[in-house]
Amino acid sequence: MNRITRYIHATGTVSEVIRHRATEKRPSGMLAFSELRRPVVFWNITNRCNLLCSHCYIRAGPGRGREDELTTEEGLALIDDLAEMRVPLLLFSGGEPLVREDFWELAGHAKESGLTTALSTNGTLITPAVARRLRDAGVEYAGVSLDGATAETHDGMRNVPGSFDKAVSALDNCRSAGLKCGVRVTATRENYAEICALIDLSLDTGAERFCVYWLVPSGRGGEGYDARQLRSREIAGLLDLLIEKAREVDPAAMEFLTVDAPQDTVYLLERLDKDDPSAYESMCTLLAHAGVGCSAGDRIANIDPSGAVYPCQFAQMDRLKVGSIREKPFSTIWNDPENRILADFRRKKDLVGGSCGRCSYRDRCGGGCRIRAFADTGDLWAEDPLCPIRREEPREGA
């Protein structure tokens, strides 16, 4: 996760990181810089969804529920295990998590167990009453997906008319209820030209975060991937836009960040080195606390609707399955030093090859996204093809 705003306005963040450095209960905005190694858990609680998004990494949709989804009892036991493990954040995802009938029981139990929770949602079911209920259930933050600044673009990617208006209303409803919320957008060639307008729309709704995901070839996201994925120069252009917006917008009003591409951090680092030496120095200090590159398998974990455990939500493939909570508790799986998949992900920078392996920034970036590399080459440790600063050889003297 590349926290653009925090890096650009880094002086205050550095002092905050130092203050919270080893505390058990760290603000969620500081988790990226935590010394604690317990993971943020992304739990896909269902494969059902009321939309049929063209880029869904889990192929969710109407009538797509799995017969072997975790039962309520299994979900409650999982929450108990995560609470005992003291994970810093449990994120309810889907599909659309609000279509699962026992969502409120699961969320309530998480609150009673002392877990901090967040929600990843398409927003279409968040009425004013639901927003208030989410707040009362202890949900700290709702990330609402918006894939365009217009209904035509958003509804075209979500394949359900009216979903744009409901998602925008969800942001208003969350804000009215006092529930923190933000916008999540998967940037593709379909919506690239609307990102600037979407930022303005997000600011108008009072969203506190603007989070850009790059398309990952997982699930339906792999269908037509080459035609929809942005090219490196387009990604660099969007990063420049986000950097400028992060400088213009009060950081207390909105935070800008990107996900699924650790190399974005290097791009920003080079920009700051050229035009903001003070921010550059502070960013280097923060990076020393942030770990190397992608957090998959280390600070991030995924549990799918059937209880299978993966390094991240985009890694849901048989060869990367870490275990199943139906066989062992999550805490046991995650802390197993003999688990080869987890061990490899935790030393990824030593395994990456190609231009990533030769890059002078390997120890900063860790080699980008392993899932994109695998989809592109069939080699999990190949170079990430989506790097906007790709180099074939290290810089002299680096």
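Residues numbered from 1 in each chain as written. Predicted model: local features only at pLDDT ≥ 70, side-chain atom pairs only at ≥ 80, totals over all residues. Heavy atoms only, no water.

*Asks:* Please clarify how the overall build of the protein should be interpreted in this entry.
*Replies:* Helix and strand content of the protein: 17 helices and 10 strands. Taking 21 Å as the expected radius of gyration for a compact globule of 398 residues, we find that the protein reaches 20 Å, a close match to that expectation. Each of the three principal axes of the protein carries a C-alpha extent, and together these read 60 × 50 × 45 Å. Counting only residues that meet the buried cut, the protein has 59% of its 398 residues in that class. (Helix = DSSP H or I, 4+ residues; strand = E, 2+ residues; numbered from the N terminus. Rg over C-alpha atoms; globule rule 2.2 N^0.38 Å. Buried < 20%, exposed > 50% of the residue type's maximum accessible area, 1.4 Å probe, protein only.)

*Asks:* Honestly, the sheet that holds strand β7 (residues 255-259) in this entry has me stumped. Any pointers?
*Replies:* Adjacent strands of a sheet form backbone hydrogen bonds with each other and so pair up, either parallel or antiparallel. Read from one edge to the other, the open sheet built from 10 strands follows the order β7-β6-β5-β4-β3-β2-β1-β8-β9-β10, with strand pairing classed as mixed. Both outer strands of the open sheet, β7 and β10 (323-324), are each paired with one neighbouring strand and no more. Bridge count for strand β9 (residues 308-310) against β10 is two bridges, and the pairing is antiparallel. Looking at β10, one finds that V309 is bridged to G323. (Pairing = 2+ DSSP bridges.)

*Asks:* Teacher, can you tell me more about unusual backbone geometry here?
*Replies:* One can expect most non-glycine residues to show negative phi and most peptide bonds to be in trans. The peptide bond linking G94 to G95 adopts the cis configuration, its omega dihedral lying at 15°. Mapped onto the fold, G95 is located in the loop between β2 (90-93) and α4 (103-112). The phi angle at R86 is positive, at roughly 65°, despite the residue not being glycine. Given a relative accessible area of 46%, R86 falls into the partly exposed group. Positive phi, close to 60°, is recorded for N159, a residue that is not glycine. With respect to the helices and strands, the residue N159 is situated in the loop between α6 (151-158) and α7 (163-177).

*Asks:* What am I meant to see in helix α10 (residues 232-248) here?
*Replies:* Compared with the 24 Å implied by 1.5 Å per residue over 17 residues, the 24 Å span of α10 between its first and last C-alpha is a close match. In the core, the buried residues of α10 are packed alongside α1 (4-8), β5 (180-187), α8 (195-205), β6 (209-214), β7 and α11 (263-275). (Expected span 1.5 Å × (residues − 1). Contact = heavy atoms within 4.5 Å.)

*Asks:* Explain the pattern of salt bridges here, please?
*Replies:* Two side chains with opposite charge may pair up if their charged atoms get near one another. Counted under the stated rule, the structure contains 24 salt bridges. The partner of E255 in a salt bridge is R209, and the shortest N-O contact between them spans 3.4 Å. A residue pair is termed long-range when its members are at least 10 positions apart, and E255 in strand β7 and R209 in strand β6 qualify at 46 residues. Residue E255 shares its accessibility class with R209, and that shared class is buried. The closest approach of N and O atoms between K349 and D363, which form a salt bridge, is 3.6 Å. Highlighted residues: K349 in the loop between α14 (340-345) and α15 (354-358) and D363 in helix α16 (residues 362-365), separated in sequence by 14 residues. (Salt bridge = Lys/Arg side-chain N within 4 Å of Asp/Glu carboxyl O.)

*Asks:* Can you walk me through the packing of aromatic side chains in this structure?
*Replies:* Remark: the centre distance and the inter-plane angle together describe each pair of aromatic rings, the angle taken between the planes. Summed over all chains, the structure comprises seven aromatic pairs. Considering the side-chain rings of F210 and F256, the 6.1 Å spacing of their centres and the 50° angle between planes classify their relative orientation as tilted. Of the two residues, F210 sits in strand β6 while F256 sits in strand β7, which places them 46 residues apart along the sequence. The residues F210 and F256 share a single accessibility class, namely buried. Three or more aromatic residues joined by ring pairs make a cluster, and in this case those are W43, F92, F103 and W104. One Lys or Arg, R209, reaches over the ring of Y141 and ends 5.3 Å from the middle of that ring. Between R346 and the ring centre of W334, over which it is positioned, the NZ or CZ distance is 5.1 Å. (Phe/Tyr/Trp six-rings, centres within 6.5 Å; stacked < 30°, edge-to-face > 60°. Lys NZ or Arg CZ within 6 Å of the ring centre and 35° of its normal.)

*Asks:* Looking at this model, I keep getting lost on the confidence of the model for the protein. Mind explaining?
*Replies:* Low pLDDT marks regions whose predicted coordinates should not be analysed in detail. Taken residue by residue, the protein gives an average pLDDT of 91. The fraction at 70 or more is 91%. This stretch, residues 391-398, has a pLDDT under 50; its non-local contacts, to residues over four places away or in other chains, come to 12 contacts. (pLDDT = per-residue confidence, 0-100.)

*Asks:* I would appreciate a short explanation of the environment of E101 in the present structure.
*Replies:* Along the polypeptide, E101 turns up in the loop between β2 and α4. On the accessibility criterion, E101 (63% relative accessible area) is exposed. Taking the C-alpha atoms as reference points, E101 and A149, 48 residues apart in sequence, are found 31 Å from one another. A polar atom in the side chain of E101 sits 2.9 Å from the side chain of R48. (Polar contact = N/O pair within 3.5 Å; in protein donor to acceptor, adjacent residues only side chain to side chain.)

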